[in-house]
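Descriptive analysis of the structure
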Amino acid sequence: MPAISRSAPGKLILCGEHAVVYGQPAIALPVMQICSKTMVSAKPLTSRGTVRIIAPKLGIDQDLSTLPATSPIKRSLELIMDHFHLDHLPACEIRVSSNIPIGSGLGSSASSSVSLVRAVAEFLGHRLSEPEINQLAYEMERIYHGTPSGIDNTVVTFAKPVYFVREKPIEFLDIPKSFELIIADTGIHASTAQAVAGVKEQYLKSPNKFGALFEKIGNLSIQTRQHLLAGQIAEMGPLLTQNHHYLKQMGVSCPQLDKLVSAALKSGAYGAKLSGGGLGGNMLALVDHSSAQTVEESLVNAGATSVIHSRVHSSAEITE
């Protein structure tokens with residue numbers, strides 16, 4: 001039996017992070033330049049139920065049975081087995097690889113979860129629908145992040161721009177005009193679960209203050225969606241920058257994120273903000289094609305450890 005390999009892209013929150021956990025809208029985009037890949041190879045000559053897990057980025061190369069009960073990858077595989085009513089997997093080797101930085105706001109855990117579900121399900125002889133994959137990936141995200149909104153696994157599963165409101169039908173965005181983003185990494189590893197928990201703690205202490213911030217961010221997402229659907233790219237810039245200021249008030253920015261945002265704006269970006277959980281990780285800058293290189297160089301000079309120049313394709317380009 002040939003090895004089965006399946007992949008999933010990264011993601012970026014254009015606007016609305018944290019507020020989305022509290023019922024406000026957010027917009028997320030797939031980042032196709034980065035991805036996770038899971039390869040499953042049958043090992044029929046090994047003992048029944050022997051499953052070798054190889055995940056270099058997580059420092060794992062051992063049998064599934066020897067992983068601690070709290071291991072996210074072990075718990076994820078248990079979710080898959082429960083879904084298919086299995087008490088063990090056929091003997092195999094599962095290799096999970098990724099070029100998505102961990103703790104960077106680019107959807108590393110969601111991407112790995114989606115690729116894992118796709119590959120293992122197919123290895124077991126099942127073709128899951130995208131909604132089924134999305135639901136399983138969401139359950140895995142709960143393992144990683146505690147109380148995720150569901151936006152990461154959704155945009156990664158469907159690999160389409162998404163306007164997301166928790167517990168409401170998914171809205172895929174029909175983008176009439178392509179645009180460009182520069183994504184810059186602070187180099188600071190940040191825990192989404194920690195960031196989400198910190199916001200929750202502050203919200204419980206100051207519900208009026210944080211409720212108002214969530215609502216303001218939600219309004220920015222609504223306005224950004226309107227400009228996005230109208231092809232008004234430059235007009236989105238100030239909204240994204242304002243989104244960053246609100247996130248900063250919530251305590252999820254950090255000096256290096258603020259420095260990169262400032263550098264992007266000074267070098268000609270339409271707008272800039274942190275993206276994802278914050279406390280480190282990545283920021284994004286919305287740019288015109290003519291200013292992209294200048295902004296990229298400015299971010300590197302300001303201390304970005306890596307940059308990705310990403311083009312968000314229009315719906316017409318995707319279907320060509």
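Fair warning: this is a prediction, and the values are worked out from it, not measured in the lab.

**A few points about the packing of aromatic side chains**
Enumeration according to the criterion identifies 5 aromatic pairs in this entry. Aromatic pair Tyr203 and Phe214: ring centres 5.5 Å apart, planes at 50 degrees, arrangement tilted. In this pair, Tyr203 sits in helix α5 (residues 192-205) while Phe214 sits in helix α6 (residues 207-229), placing the two residues 11 residues apart along the sequence. Using a relative accessible area of 26% as the deciding quantity, one classes Tyr203 as partly exposed. Overall, Phe214 belongs to the buried group, its relative accessible area being 3%. In textbook terms, an aromatic cluster arises when at least three aromatic residues are bridged by ring pairs, as seen for Tyr22, Tyr203, Phe210 and Phe214. Taking NZ or CZ as reference, Lys160 lies 5.2 Å from the ring centre of Phe172, over its face. Its end group placed over the ring of Tyr163, Arg225 keeps NZ or CZ at 5.0 Å from the ring centre.

**Here we look at the sheet that holds strand β9 (residues 271-275)**
Spatial ordering of the open sheet is given by β9-β10-β8-β11, a layout of 4 strands whose pairing is antiparallel. The strands lining the two open edges of the sheet, one partner per strand, are β9 and β11 (306-312). With strand direction ignored, the average angle separating the axes of adjacent strands in the sheet is 25 degrees. Both strand β8 (residues 179-185) and β11 contribute to a ladder of 7 bridges, which runs antiparallel. Directly across from Leu181, in β11, lies its bridge partner Ser310.

**Observations regarding unusual backbone geometry**
A positive phi angle is found at His18, which is not glycine, with a value near 70 degrees. Inspection of the secondary structure assignment puts His18 in the loop between β1 (4-15) and β2 (26-42). Looking at His18, the relative accessible area reads 5%, which means it is buried. Positive phi outside glycine occurs at His85, with the angle close to 60 degrees. Residue classification places His85 among the exposed positions, given a relative accessible area of 74%.

**Comments concerning the environment of Ala42**
Mapped onto the elements, Ala42 comes out in strand β2. For the pair Ala42 and Arg166, spaced 124 residues apart in sequence, the C-alpha to C-alpha distance is 38 Å.

**Quick word on α5**
Along an α-helix, residues three or four apart share an orientation, since each turn contains 3.6 residues. The terminal C-alpha atoms of α5, which comprises 14 residues, lie 20 Å apart, in line with the 20 Å expected from a rise of 1.5 Å per residue. Those residues of α5 that fall on the buried side of the exposure criterion are Ala195, Val196 and Val199. Each buried residue of α5 sits inside an arc of 95 degrees when the element is viewed along its axis, so together they form one side. Across α5 from its buried face, at more than 90 degrees, point the exposed residues Gln194, Leu204 and Lys205. On its buried face, α5 is in contact with α6. Where α5 begins, one side-chain oxygen reaches toward the backbone nitrogen of Ala193, 3.4 Å away; that side chain belongs to Ser191.

The rules behind each value
Per chain, the residues get numbers from 1 upward, laid out in the order the sequence is written. The predicted origin of the model limits local features to residues at a pLDDT of at least 70 and limits the giving and counting of side-chain atom pairs to 80 or more, whereas totals for whole chains, interfaces and linings rest on all residues. With hydrogens and water set aside, each side-chain value is computed from the structure's full complement of heavy atoms. Pairing of aromatic side chains requires ring centres within 6.5 Å, counting the rings of Phe and Tyr and the six-membered ring of Trp. Pairs whose planes differ by under 30 degrees are stacked, by over 60 edge-to-face, and all others tilted. Runs of H or I in DSSP of at least four residues are treated as helices and runs of E of at least two as strands, each being numbered from the N terminus. The rule is simple: take the accessible area with a 1.4 Å probe, protein chains only, and divide by the maximum for that residue type; under 20% is buried, over 50% is exposed, in between is partly exposed. By definition, being over a ring means that NZ of Lys or CZ of Arg is both within 6 Å of the ring centre and within 35 degrees of the ring normal. DSSP-based pairing: two strands are paired if at least 2 bridges between them are found. Comment: axis = line fitted to C-alpha atoms, over the contacting stretch for helices; angle = value between 0 and 180 degrees taken between N-to-C directions. Here a helix's expected span is defined as the number of its residues, less one, multiplied by 1.5 Å. It is the directions from the helix axis to the C-beta atoms whose arc is reported. What makes two residues a contact is simply this: any of their non-hydrogen atoms within 4.5 Å. Pairs of N or O atoms within 3.5 Å make up the polar contacts considered here, provided that, within protein, one atom can donate a hydrogen while the other can accept it, and that residues adjacent in sequence are counted only when both atoms are side-chain atoms.

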